[in-house]
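Given next are the chains, with one letter for each unit.
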Amino acid sequence: MNTPVIGVLALQGDVREHLIALAAADAVARPVRRPEELAEVDALVLPGGESTTISKLAVLFGLMEPLRARVREGMPVYGTCAGLILLADKILDPRSGQETIGGIDMIVRRNAFGRQNESFEAAVDVKGIEGDPVEGVFIRAPWVESVGAAAEVLAEHGGHIVAVRQDNVLATSFHPELTGDHRVHALFVDMVRANRTPESL
């Protein structure tokens, strides 16, 4: 039975919505707060929230180095909004003490689309997602300033990169988990299935 077990980093942010979206995309979804829980999942989602807070809590909970190690080893990871920032190799305007996990050769700008009261929704054409555009919910969203040669741009909005993939790592500036449209999560679940070796099935 090829049902992947996917964790959602449950330190801060919209964890519940991702758990629901992953279950709807035929994955077993679990919250992850400790290194031993991380070791038990096939893949991980980094939710939206506050990227500085999540990074500091990851260090406090002893998760930062295990996260970096799993990403280096090829574990599939999907980050939304704050999760995108955490997956960047470089942040243009990091706050004091802010760290990233890395995994995508990209430079990101925090809060690039504006503050909380400037949040908006927009239709986004995402490469690899069939049918109608994805409804993107942008909440204090970052954008990607630039990507390296290894990263593939999957979507843009207003001339700015808002979805990127590099190998097993996927990231979006927007929140598909808030819309009831689970196609982006289904794309990620397919990535996880493709990454699993026959022995693990």
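Residues numbered from 1 in each chain as written. Predicted model: local features only at pLDDT ≥ 70, side-chain atom pairs only at ≥ 80, totals over all residues. Heavy atoms only, no water.

## A look at the packing of aromatic side chains
Under the definition given, this model contains six aromatic pairs. Between F138 and F174 the ring centres are 5.6 Å apart and the planes differ by 55°, which places this aromatic pair in the tilted class. In this pair, F138 sits in strand β8 (residues 134–138) while F174 sits in the loop between β12 (169–172) and α6 (183–195), placing the two residues 36 residues apart along the sequence. Neither F138 nor F174 differs from the other in exposure class; each is buried. (Phe/Tyr/Trp six-rings, centres within 6.5 Å; stacked < 30°, edge-to-face > 60°. Helix = DSSP H or I, 4+ residues; strand = E, 2+ residues; numbered from the N terminus. Buried < 20%, exposed > 50% of the residue type's maximum accessible area, 1.4 Å probe, protein only.)

## Quick word on the layout of surface pockets
Of the voids in this model, the largest pocket is the one considered here, and its volume is about 150 Å³. If you go around the largest pocket, you meet 14 residues; those closest to its centre are G49, E50, C81, I139 and R140. Residues belonging to the lining of the largest pocket are distributed by class as follows: six nonpolar, five polar and three charged. (1 Å grid on protein atoms, 1.4 Å probe; cavity = no way out; pocket = protein on both sides within 12 Å on 5 of 7 lines; lining within 4 Å. Points joined across faces, edges and corners; volume = space filled by probe spheres on them. Nonpolar A, V, L, I, M, F, W, Y, C, P; charged D, E, K, R; others polar.)

## Structural notes on the nonpolar core
Formed by 33 residues in total, the largest nonpolar core has its most connected members in L38, L46, L67, M106 and V108. Here this core gets five residues from one element, more than from any other, and that element is helix α5 (residues 82–87). Counting 32 residues, the second largest nonpolar core, distinct from the first, contains V8, A122, F138 and A155. (Core = buried A, V, L, I, M, F, W, Y, C linked by side-chain atoms within 4.5 Å.)

## Things to note about α6
Given a rise of 1.5 Å per residue, 13 residues ought to cover 18 Å, and the 18 Å separating the end C-alpha atoms of α6 matches this to within 8%. Turning to α6, its buried residues number three or more, namely V184, H185, L187, F188, V189, M191 and V192. (Expected span 1.5 Å × (residues − 1).)

## Focus on the pattern of salt bridges
Inspection of the entire model under this criterion finds ten salt bridges. Among the salt bridges present, the one from R110 reaches E50, with a minimum N-O distance of 3.9 Å. Taken as a pair, R110 in the loop between β6 (104–109) and β7 (120–124) and E50 in the loop between β3 (43–46) and α3 (51–60) lie far apart in primary sequence, 60 residues in all. For E50, a relative accessible area of 15% gives the class buried. R183 is the partner of D181 in a salt bridge, and the nearest nitrogen-oxygen pair spans 2.7 Å. (Salt bridge = Lys/Arg side-chain N within 4 Å of Asp/Glu carboxyl O.)

## Thoughts on the environment of Q98
Along the chain, Q98 turns up in the loop between β5 (88–91) and β6. Judged by its relative accessible area of 11%, Q98 falls in the buried class. Sequence separation between Q98 and L60 is 38 residues; the distance between their C-alpha atoms is 13 Å. Discounting residues that sit within four places of it in the chain, Q98 has contacts with S51, T52, S55, I85, I91 and R110. For Q98, the side chain forms a polar contact with the side chain of S51, separated by 2.8 Å. Polar contacts involving the side chain of Q98 include one to the side chain of T52, which spans 3.4 Å. (Contact = heavy atoms within 4.5 Å. Polar contact = N/O pair within 3.5 Å; in protein donor to acceptor, adjacent residues only side chain to side chain.)

## Considerations on the side chain of E177
Within the secondary structure layout, E177 lies in the loop between β12 and α6. This buried residue, E177, is left without a salt bridge; R16 holds the nearest opposite charge, at 11 Å. For E177, the side chain forms a polar contact with the side chain of H18, separated by 3.5 Å. The contact partners of E177, leaving out residues within four places of it in the chain, are D14, E17, H18, T80 and H185. (Lys, Arg positive; Asp, Glu negative; His and termini not counted.)

## Quick notes on unusual backbone geometry
Most peptide bonds are trans, and most residues other than glycine sit at a negative phi. One non-glycine residue with positive phi stands out, namely C81, at about 55°. Looking at the secondary structure, you find C81 in the loop between β4 (77–80) and α5. C81 gets classed as buried once you look at its relative accessible area, which sits at 5%. Non-glycine residue D167 carries a positive phi angle of around 55°. The exposure class assigned to D167 is exposed, which follows from its relative accessible area of 60%.

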